[in-house]
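# Chains, contacts and geometry: an overview
Single-letter residue listing:
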Amino acid sequence: MKWNATPPAALSADELTGWFAGRLPQGLFASAPTITSDRDEILVVGDISEPELPADARDAATASARTARISRFRGETRDARTQVARDAARLFGRKVSWGARCGGVEELFTTLGVPVMTRLRLEDRHVVDTLIDAGVARSRSEALAWCVRLVSQHQAEWIDSLRNALTSVQKVRAEGPDVA
């Protein structure tokens, strides 16, 4: 997979997963990581080994140990992850972000917060400003992000159907005639 100047606009999930499977250092994660991407970012999240605790350890101790294990992983693997991220950014034209899962604890680090421009009419601005006035959000940007998360939570099935439909459309486009 080598491109001259500009990487292709859309890479398949299989291509990204395959590249990272071949490029990540052996043993970085306990199993194959989850690769998620959009136009701006590639997120790599993998499972790491659980810390050893006594069998009668309380939930608070377990959660604290898992969080500490993720923190240790982040520090110890920084150089290796940075090199992979540089190579991927050069190849794919996107920032690479990382995360780790340890048991039931997941932490994302180095993730992007990408600005998104939008135009809202008066009634829509009233909704956003009400969220600010009520203390739900500190800014219009934060209020919109809150609204997106709310839609994602409550309409997850519909969003998944939409994503599946888009994947089918992309597949059909890729199989179309080459006019070049």
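Definitions and cut-offs
- Residues numbered from 1 in each chain as written.
- Predicted model: local features only at pLDDT ≥ 70, side-chain atom pairs only at ≥ 80, totals over all residues.
- Heavy atoms only, no water.
- Helix = DSSP H or I, 4+ residues; strand = E, 2+ residues; numbered from the N terminus.
- Rg over C-alpha atoms; globule rule 2.2 N^0.38 Å.
- Contact = heavy atoms within 4.5 Å.
- Pairing = 2+ DSSP bridges.
- Axes fitted to C-alpha atoms, helices over the stretch in contact; angles between N-to-C directions.
- Buried < 20%, exposed > 50% of the residue type's maximum accessible area, 1.4 Å probe, protein only.
- Parallel < 35°, antiparallel > 145°, perpendicular 65-115°, else oblique.
- Nonpolar A, V, L, I, M, F, W, Y, C, P; charged D, E, K, R; others polar.
- Phe/Tyr/Trp six-rings, centres within 6.5 Å; stacked < 30°, edge-to-face > 60°.

## Here we look at the overall build of the chain
Of regular secondary structure, the chain possesses six helices and four strands. Going residue by residue from the N terminus, the α and β elements of the chain occur as α-β-β-α-α-β-β-α-α-α. Taking 2.2 N^0.38 as the reference for a compact globule, 180 residues should give roughly 16 Å; the C-alpha atoms of the chain span a radius of gyration of 20 Å, well beyond that estimate. Considering only C-alpha atoms, the chain reaches an extent of 55 × 55 × 30 Å along its principal axes.

## Things to note about the side chain of Arg-66
Tracing the chain through its elements places Arg-66 in helix H2 (residues 59-76). Not counting the four nearest positions on each side in its chain, Arg-66 is found in contact with Glu-50, Pro-51, Cys-102, Gly-103, Gly-104 and Val-105.

## Describing the sheet that holds strand S3 (residues 95-102)
Read across the open sheet, the four strands follow the order S1-S2-S3-S4; overall the sheet is mixed. Here the strands that pair on one side only, and so sit at the sheet edges, are strand S1 (34-37) and strand S4 (105-109). Along the sheet, successive strands turn relative to each other by an average axial angle of 20 degrees, direction set aside. Two strands pair when backbone bridges link them, and S3 and S4 are joined in this way by five bridges, in the antiparallel orientation. Among the inter-strand pairings, Gly-99 is bridged to a residue of S4, identified as Leu-108. Packed onto the sheet, helix H1 (residues 13-23) meets S1, strand S2 (41-47) and S3 and runs at close to 130 degrees relative to S1. Across the sheet, helix H3 (residues 78-92) is in contact with S2, S3 and S4; its angle to S3 comes to roughly 140 degrees.

## Concerning the environment of Gly-104
Residue position: Gly-104 is located in the loop between S3 and S4. The class for Gly-104 is exposed, based on a relative accessible area of 70%. Taking the C-alpha atoms as reference, Gly-104 lies 39 Å from His-126; in sequence the two are 22 residues apart.

## Observations concerning the packing of helix H4 (residues 122-133) against helix H5 (residues 140-154)
Taken N-terminus to C-terminus, the directions of H4 and H5 make an angle of 100 degrees; their axes are 9 Å apart at the nearest point. Considering their axes alone, H4 and H5 lie roughly perpendicular with respect to each other. On H5, the residues that touch Arg-125, Val-128, Asp-129, Leu-131 and Ile-132 of H4 are Arg-140, Ala-143, Leu-144, Trp-146 and Cys-147. Partitioning the contact of H4 with H5 into residue classes produces seven nonpolar, no polar and three charged.

## As for the packing of aromatic side chains
Two aromatic rings are characterised by how far apart their centres lie and by the angle between their planes. By the definition in use, this model includes three aromatic pairs. Taken together, a centroid distance of 4.9 Å and an interplanar angle of 85 degrees make the contact between Trp-19 and Phe-20 edge-to-face. For the pair formed by Trp-19 and Phe-20, the shared burial category is buried. Between Trp-19 and Phe-92, the ring centres sit 5.3 Å apart and the planes meet at 85 degrees, which makes this aromatic pair edge-to-face. Of the two residues, Trp-19 is situated in helix H1 and Phe-92 in helix H3; the sequence distance between them amounts to 73 residues. With relative accessibility at 17%, the residue Trp-19 sits in the buried group. Among the aromatic residues, ring-to-ring pairing joins Trp-19, Phe-20 and Phe-92 into one connected group.

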